[in-house]
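# Working through the structure, step by step
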Amino acid sequence: MRKTSVGFWVGAGVALAVAVVAVNLITNEYYFFAAYTVLTFVVLATAWNILGGYAGYVNFGTAAFFGVGAYTSVLLIKAFGAPLLVQILAAAAVSGLLGFGAGLLTLRLRGIFFAIATVALIVIMETVVVNWRFLGGATGVQLLRPPPIPPFESYQKMLFVVMVLIVLVGIGIARYIETSWIGRGLRAIRDSEEAAECSGVPTLKLKLLATTVSGALMGAAGAPMPMYLSFVEPFSTFNLNYSIGALASAMIGGTGTWIGPVVGALLLSTLQQVVTVTISNEMNVLVVGILLVVFVVAAPDGIVGLIKRLRRSR
Amino acid sequence: MFSLELLAEAILFGILLGAFYAAVSVGLSVAFGLLDVPHVAHPAVMVLAAYATFVLGQYGLDPIVAGIVLMPLFFVFGMAIYRFYYESFEKRGSEAGVRGLAFFFGVALIIEVGLIIGFGVDQRMVQAAYIGESLRIGDMRVPMRMLVAFGVALVLTTGLAIYLSRTFTGRAIKAVAQDEPALRLMGANPVRIKQWAFGLATGVTALAGAMLIIVGPVEPQLDRVYIGRTFAVVVLAGLGSMSGTVAAGMILGISESIVLSMFGASWAPAVAFGLLLIVLGLRPQGLFGR
């Protein structure tokens with residue numbers, strides 16, 4: 001166990017170093033934008049998997065947590081001109097709180113009822129923002145990027161590296177949860193909540209922990225977005241496409257392990273970016289839909305499951 | 001500002017809207033309420049039917065007639081969906097929950113994008129004599145299209161309620177919902193009954209789709225709003241209760257209409273979901289739950 005942990009953190013360090021080097025070498029702005037989007041989905045899928053993959057609670061509300069994170073940033077920027085770190089921490093806190101609320105819902109709701117309730121969160125949060133003048137309402141709000149902090153040439157490049165950090169922290173958390181007693185408890189909940197409760201698993205505590213951490217990570221993923229685009233509006237921020245992307249990435253990659261959603265999000269989002277550029281935006285959504293259905297029906301354990309099966313049969 | 005006349009008008013409009021909401025939800029009430037299929041693609045199927053009505057309308061077919069023509073087609077379509085769902089998930093048993101949901105989510109997405117690719121993102125509408133006309137009652141103006149939808153909605157929900165309680169197959173469907181193993185012991189095949197019921201639910205949804213395009217213009221992503229509305233109605237009604245569906249539709253219609261006239265259109269989308277969250281939190285078995 002310890003050996004693989006060393007390997008994991010070395011890998012994380014290498015990924016960060018690659019990101020910093022890439023930022024200074026790549027000049028085409030579009031690649032940054034595409035890679036930033038892919039990273040966002042890696043965080044979202046990883047966060048989704050903590051609740052959906054380990055505990056078996058389907059969350060359709062990823063967009064709500066992501067959007068609340070983004071708009072927490074906007075609020076702090078407009079009200080106090082808060083620095084980036086404060087924005088991210090506050091966004092994680094607020095979305096985590098929302099996640100805690102969603103966790104309380106699991107007291108009474110399971111399966112499809114919980115899933116639909118999380119869709120409700122998206123619409124309610126979106127409606128609140130649309131009617132909140134200070135946050136720009138339905139028309140959105142334009143933000144001015146502050147000057148970049150020295151080693152970086154532009155603010156966007158800095159945000160890119162920050163996003164890589166968020167990804168690594170997110171994966172680290174997901175990995176810790178998976179391998180610790182928390183993950184074992186959550187898997188017990190997924191298999192049978194009654195049996196878990198009877199065997200002394202603190203189901204409520206674990207579910208609240210999972211929803212809070214998952215929500216907080218999604219919020220953190222949304223926090224740098226307003227500054228990255230320098231413009232936010234509610235309809236594309238609280239868009240169901242974020243929920244779809246997170247869920248589909250985890251399902252396609254494989255929900256049992258932390259690596260599944262990472263692989264799924266990297267492949268799916270990259271494919272989406274390629275399809276968007278080469279064919280059309282509609283086709284990119286169609287690809288997600290078809291892949292999702294095919295994987296759910298034919299490969300329930302995702303890409304990771306397929307690879308495992310291949311290895312075993314050899 | 002606020003006045004009694006305005007409130008009366010809001011309530012009247014809410015009742016008409018409510019019957020319409022009940023009609024768009026009966027299909028889901030059968031599919032999800034009775035059969036326990038996590039059919040989140042229900043609103044997408046309805047929007048698909050609305051577009052099919054639009055296409056038939058291009059050939060001069062009246063939208064209601066078009067909806068009726070589409071019903072058998074969607075019946076078969078629904079049976080096919082259920083068969084596929086059964087073979088892939090229900091039959092294998094374990095973990096159907098998460099993957100079944102994801103499956104229907106994917107189906108909804110494919111329908112949505114298919115419509116965008118086929119028809120573009122522009123709004124579409126149909127022509128008929130009763131669309132655009134309105135009826136005057138005193139100072140109030142009631143749009144004819146709402147009255148037509150109201151009438152069709154009542155016929156549809158009553159018809160379905162009678163079918164479920166009076167006919168042999170209808171009772172068999174209810175029996176499947178109550179106790180599937182018992183039905184199997186009686187020598188009936190629950191899968192075939194469920195397949196039939198799901199087909200029926202989808203067929204009814206075809207007519208609901210026709211009404212959708214009568215009531216207002218449609219666009220491919222309209223199903224996203226109706227996820228909240230249809231599930232709110234079905235859950236509020238208590239799963240699978242037909243009379244409950246009508247009552248719940250009315251409650252949603254009237255609440256939406258009052259919020260619309262008092263706070264403005266920007267708050268209306270949250271009504272259905274707010275109502276849904278409240279019901280799920282306080283009384284998950286619904287108002288008329290089994």
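Conventions used here
- Residues numbered from 1 in each chain as written.
- Chains lettered and ligands numbered in written order.
- Predicted model: local features only at pLDDT ≥ 70, side-chain atom pairs only at ≥ 80, totals over all residues.
- Helix = DSSP H or I, 4+ residues; strand = E, 2+ residues; numbered from the N terminus.
- Rg over C-alpha atoms; globule rule 2.2 N^0.38 Å.
- Buried ≥ 20, exposed ≤ 12 C-beta atoms within 10 Å, placed from the backbone.
- Contact = placed C-beta atoms within 7 Å.
- Axes fitted to C-alpha atoms, helices over the stretch in contact; angles between N-to-C directions.
- Left-handed = near helix turned anticlockwise from the far one by under 90°.
- Nonpolar A, V, L, I, M, F, W, Y, C, P; charged D, E, K, R; others polar.
- Core = buried A, V, L, I, M, F, W, Y, C linked by C-beta atoms within 7 Å.
- Expected span 1.5 Å × (residues − 1).
- pLDDT = per-residue confidence, 0-100.
- Parallel < 35°, antiparallel > 145°, perpendicular 65-115°, else oblique.

### What about the overall build of chain A?
- Helices and strands together make up the secondary structure of chain A, namely 15 helices and two strands.
- Against the compact-globule benchmark of 20 Å for 314 residues, chain A has a radius of gyration of 19 Å, which places it among compact chains.
- Dimensions of chain A, computed from C-alpha atoms along their principal axes, come out at roughly 55 × 45 × 40 Å.
- Counting over 314 residues, chain A shows a buried share of 53%.
- At a minimum sequence separation of 6, the contacts of chain A that also span at least 24 residues come to 78%.

### What about the overall build of chain B?
- When you go through chain B residue by residue, the secondary structure sums to eleven helices and two strands.
- Helices and strands appear in chain B in the N-to-C order α-α-α-α-β-β-α-α-α-α-α-α-α.
- Projecting the C-alpha coordinates of chain B onto the three principal axes gives extents of approximately 60 × 45 × 35 Å.
- Split into buried and exposed, the 290 residues of chain B put 53% on the buried side.
- In chain B, the share of contacts with a sequence separation of at least 24, taken over all contacts with a separation of at least 6, comes to 78%.

### Focus on the packing of helix α12 (residues 240-253) of chain A against helix α14 (residues 281-298) of chain A
Residue and element names in this part refer to chain A.
- Where α12 meets α14, the axes come as close as 9 Å, and the angle between the chain directions of the two elements is 35 degrees. Considering how the two elements wind past one another, α12 and α14 form a crossing that is left-handed. On the side of α12, the interface is formed by Ile244, Gly245, Ala248, Met251 and Ile252, while α14 contributes Val288, Leu291, Leu292, Phe295 and Val296.
- Considering only residue class, the contact of α12 with α14 consists of nine nonpolar, one polar and no charged.

### Thoughts on the nonpolar core
- In this structure, Leu44 of chain A together with Phe20, Ala23, Met211 and Leu276 of chain B are the most contacted members of the largest nonpolar core, which totals 214 residues.
- Top element by residues in this core is helix α1 (residues 4-34) of chain B. It accounts for 16 residues.
- With sequence-adjacent residues up to four places away left out, Met211 of chain B is seen in contact with Phe20, Ala23, Ala149, Val152 and Ala153 of chain B.

### Quick look at helix α9 (residues 223-237) of chain B
- If you check α9 of chain B, its first and last C-alpha atoms are 20 Å apart, about what 15 residues at 1.5 Å a residue would give, namely 21 Å.
- Remark: Gly238 of chain B follows α9 of chain B within two positions and exhibits a positive phi of approximately 90 degrees.

### Considerations on the interface of chain B and chain A
- Taken together, the contact between chain B and chain A spans 31 residues of the former and 34 residues of the latter.
- Put simply, the parts of the chain that give the side of chain B that touches chain A at least two residues each are α4 (96-119), α9 and α11 (269-282) of chain B.
- Broken down by element, the side of chain B that touches chain A gets its largest block of residues, 14 residues, from α4 of chain B.

### Focus: unusual backbone geometry
- For Ser230 of chain A, which is not a glycine, the phi torsion comes out positive at approximately 55 degrees.
- Tracing the chain through its elements places Ser230 of chain A in the loop between α10 (225-229) and β2 (231-232).
- Positioned with a positive phi, Asp36 of chain B is a non-glycine residue whose angle comes to about 60 degrees.
- If you trace the backbone, Asp36 of chain B turns up in the loop between α1 and α2 (42-58).
- Residue classification places Asp36 of chain B among the partly exposed positions, given that 18 C-beta atoms sit within 10 Å.

### Some words on the environment of Leu206 of chain A
- Take Leu206 of chain A: it is sitting in helix α9 (residues 203-222).
- Apart from the residues within four sequence positions on either side, Leu206 of chain A is in contact with Ile182, Gly185, Leu186, Ile189 and Val201 of chain A.

### Examining the environment of Gly52 of chain A
- For Gly52 of chain A, the position within the fold is in helix α2 (residues 29-55).
- As a C-alpha pair, Gly52 of chain A and Thr255 of chain A span 203 residues in sequence and 7.7 Å in three-dimensional space.
- For Gly52 of chain A, the residues in contact, after removing those within four places along its chain, are Tyr57, Val58, Asn59, Leu247, Ala250 and Thr255 of chain A together with Val98 of chain B.

### Overview of the confidence of the model for chain B
Residue and element names in this part refer to chain B.
- In this model, chain B carries an average pLDDT of 86, and 97% of its residues clear a pLDDT of 70 or more.
- Mean pLDDT in chain B bottoms out at strand β1 (residues 134-137), which sits at 74, and peaks at α2, which reaches 94.
- Our summary of model confidence lists the complex with pTM equal to 0.88 and ipTM equal to 0.83.

### Notes on the packing of helix α10 (residues 242-263) of chain B against α11 of chain B
Residue and element names in this part refer to chain B.
- Two elements in contact, α10 and α11, have axes separated by 9 Å at closest approach and are oriented at 135 degrees. Judged on the interaxial angle alone, α11 and α10 are oblique. When the axes of α10 and α11 are compared, the crossing they make is right-handed. Contacts from Leu252, Ser255, Glu256 and Val259 in α10 reach Val271, Ala272 and Leu275 in α11.
- Here the contact of α10 with α11 is composed, by residue class, of five nonpolar, one polar and one charged.

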